[in-house]
Amino acid sequence: MEIFEAVGALVAYAQKEHLIEKEDAIYTRNQLLEKLSLDDYKECELKEDYALEDILAAILEYAVANGLCEDTVTSKDLFDTKIMGTLIPKPSEVQKKFWALYKENPEKATDYYYNLSRKSDYIREYRVKNDLKWTVDTDYGKIDITVNLSKPEKSPKDIAAARSMPQNAYPQCQLCKENEGYAGRLNHPARQNHRIIPITVNNSQWFMQYSPYVYYNEHCIVFNGAHTPMKIDGAAFHKLFDFIKLFPHYFVGSNADLPIVGGSILTHEHFQGGRYVFPMERAAVETEFHFDGFDDVKAGIVKWPMSVVRLRSENTERICELADRILVAWRKYTDADAYIFAETDGVPHNTITPIARFRDGAFELDLVLRNNITTEEFPDGLYHPHPEYHHIKRENIGLIEVMGLAVLPARLNREMATLRKAILNGEDISANEEIAKHAEWAQMLKDKYTITEENCEDILKKEIGIVFAAILEQSGVYKRDEEGKKHFLAFLKHVNENA
């Protein structure tokens with residue numbers, strides 16, 4: 001595809017996807033020519049339909065050949081985001097349309113905004129579609145597995161260049177509102193095609209956006225307008241429900257606020273939500289529990305590998321009041337027999353991962369009890385993936401994983417392909433550096449199954465899911481046996497007794 005054809009195709013794409021109006025076509029074309037250092041244009045006969053990926057590939061090929069950007073993933077991402085930024089309405093226009101649609105129906109507003117985030121290439125759909133996804137049956141119902149292939153791996157050249165760059169404090173982090181329209185740099189993504197929606201949460205300015213990596217449908221991020229640290233407290237529960245009342249068709253949850261059991265960004269208060277039913281939501285309450293003075297709030301322990309208390313009521317104020325009582329009790333709670341310590345040497349360990357939703361005419365809040373204590377045997381965390389499963393996942397168990405969606409590293413795609421071949425060919429897996437970490441696991445699979453070329457891939461997928469369920473059990477502060485249940489109930493009774 002020649003460059004003029006690519007420019008014409010991109011303008012046509014923008015019109016078709018309602019990013020620009022017909023009257024904007026010539027203006028937009030000229031803006032694109034300027035960014036490509038072109039002062040001429042030749043009309044080309046255009047096909048009916050071009051894939052955005054192909055259009056941008058042609059533009060990037062021209063840009064690299066003419067010295068407009070380096071031939072690396074990061075440089076090309078910076079450049080094509082600048083190109084796409086030319087096509088996107090101003091923030092004020094996006095916000096005006098969003099809230100006009102919201103008055104009709106909140107779902108119409110989010111449908112518009114999600115579509116904009118996709119068609120603007122802020123969400124790179126042609127990368128996201130490469131993610132591997134499957135489900136696995138477990139004792140807790142079906143759990144979701146995804147291998148994340150949409151985050152491009154940086155080249156050594158990109159990494160070296162980013163390391164040599166001076167430190168820049170603007171924007172302060174990738175969640176700050178100042179990212180909207182930002183050109184980016186080698187160590188910070190470009191966001192010219194990024195638009196955010198202002199909302200009011202707990203009487204303060206917050207914003208909503210979508211995740212560029214969409215691990216699930218309409219994966220949104222809700223963040224504080226101020227760069228302030230994550231904090232789980234009574235106010236956090238009210239904030240979650242403020243969002244749910246704005247968008248009752250979404251769920252929303254927060255990562256915990258302590259290292260190991262928290263998310264990757266603890267420096268900026270934010271939540272994650274979306275239009276998706278997670279496995280944990282489908283899990284039922286297996287043991288009901290009554291909290292004194294809260295007859296209007298149904299409560300109980302959820303049948304889930306992690307330790308979850310579910311609260312349900314039509315009154316969010318009452319849910320928040322009880323949730324705060326549970327949180328305050330948990331922060332100070334120690335049960336040495338269950339190896340739960342509120343603090344050691346003055347370092348706090350207990351926190352909560354909360355998830356809110358509106359379902360079947362009532363509000364729900366799931367409180368996942370977390371503890372980030374480390375031991376000599378488990379220096380990465382006792383309630384964390386243990387070393388025997390690090391060959392599959394060793395990263396923190398954050399909000400998304402807590403709810404039953406495993407986000408696994410891209411390396412697994414390559415390693416499972418190599419492992420499958422090695423198993424079928426009877427190779428010495430321990431002698432292969434790439435997959436030696438899987439050798440013990442692979443031997444267990446060979447002992448457990450009669451593996452054939454037809455069933456090998458399905459077995460690997462199933463067993464990865466079984467490993468993930470076991471990791472969630474390890475991350476639960478109370479074990480899934482009678483002894484663990486006894487200790488769990490002891491804590492809930494403690495909440496009642498110390499009200």
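Going by the structure above, here's the rest.
Participant: Can you walk me through helix α4 (residues 73-85) in this structure?
Facilitator: Side chains that are three or four residues apart share a direction in an α-helix, a result of its 3.6 residues per turn. Here α4 is 13 residues long and its end C-alpha atoms lie 18 Å apart, about the 18 Å a rise of 1.5 Å per residue gives. The buried fraction of α4 amounts to 10 of the 13 residues, a majority that puts the element mostly inside the structure. What α4 keeps buried is the set Thr74, Ser75, Asp77, Leu78, Phe79, Asp80, Thr81, Ile83, Met84 and Gly85.

Participant: Where do I start with the environment of Leu132 in this structure?
Facilitator: Relative to the elements of secondary structure, Leu132 occurs in strand β1 (residues 132-138). Exposure remark for Leu132: the relative accessible area of 30% places this residue in the partly exposed category. When the C-alpha positions of Leu132 and His219 are compared, they lie 17 Å apart, and in sequence the two are 87 residues distant. Residues contacting Leu132, with those up to four places away along its chain left out, are Ile145, Thr146, Val147, Leu149 and Asn413.

Participant: Mind showing me how you'd approach a negative patch on the surface here?
Facilitator: A grouping of Glu21, Glu23, Asp24 and Glu93 is seen on the molecular surface, where their side chains present a negatively charged patch. Summarising the element assignment, Glu21 is placed in the loop between α1 (3-16) and α2 (25-35).

Participant: What should I look at first to understand the pattern of salt bridges in this one?
Facilitator: Oppositely charged side chains may form a pair once their charged atoms are brought near each other. Applying the stated criterion across every chain, the model contains 36 salt bridges. Arg394 serves as the salt-bridge partner of Asp380, at 3.2 Å between the closest nitrogen and oxygen. Note that Asp380 is positioned in the loop between β14 (362-371) and α12 (399-402) and Arg394 in the loop between β14 and α12, a separation of 14 residues in sequence. Of the charged contacts in the structure, one is a salt bridge between Glu395 and Lys393, with a shortest N-O distance of 3.6 Å. Classification of Glu395 by relative accessible area gives partly exposed; the value is 36%. Residue class for Lys393 comes out buried when judged on its relative accessible area of 2%. One connected set of salt bridges, linked through shared partners, spans Glu281, Arg310, Arg312, Arg357, Arg359, Glu364 and Asp366.

Participant: Is there a simple way to explain the side chain of Ser211 in this structure?
Facilitator: Its location among the elements puts Ser211 in the loop between β4 (204-210) and β5 (220-224). Classification of Ser211 as buried rests on a relative accessible area of 5%. If sequence neighbours within four positions are ignored, Ser211 has contacts with Tyr122, Ile123, His219, Cys220 and Ile221.

Rules and cut-offs
Residues numbered from 1 in each chain as written. Predicted model: local features only at pLDDT ≥ 70, side-chain atom pairs only at ≥ 80, totals over all residues. Heavy atoms only, no water. Helix = DSSP H or I, 4+ residues; strand = E, 2+ residues; numbered from the N terminus. Expected span 1.5 Å × (residues − 1). Buried < 20%, exposed > 50% of the residue type's maximum accessible area, 1.4 Å probe, protein only. Contact = heavy atoms within 4.5 Å. Patch = residues over 30% accessible without salt bridge, like charges linked within 9 Å, V, L, I, M, F, W, Y side chains within 5 Å. Areas by Shrake-Rupley, 256 points an atom, 1.4 Å probe, with all protein chains shown as cover. Salt bridge = Lys/Arg side-chain N within 4 Å of Asp/Glu carboxyl O. Lys, Arg positive; Asp, Glu negative; His and termini not counted. Charge placed at Lys NZ, Arg CZ, Asp CG, Glu CD.

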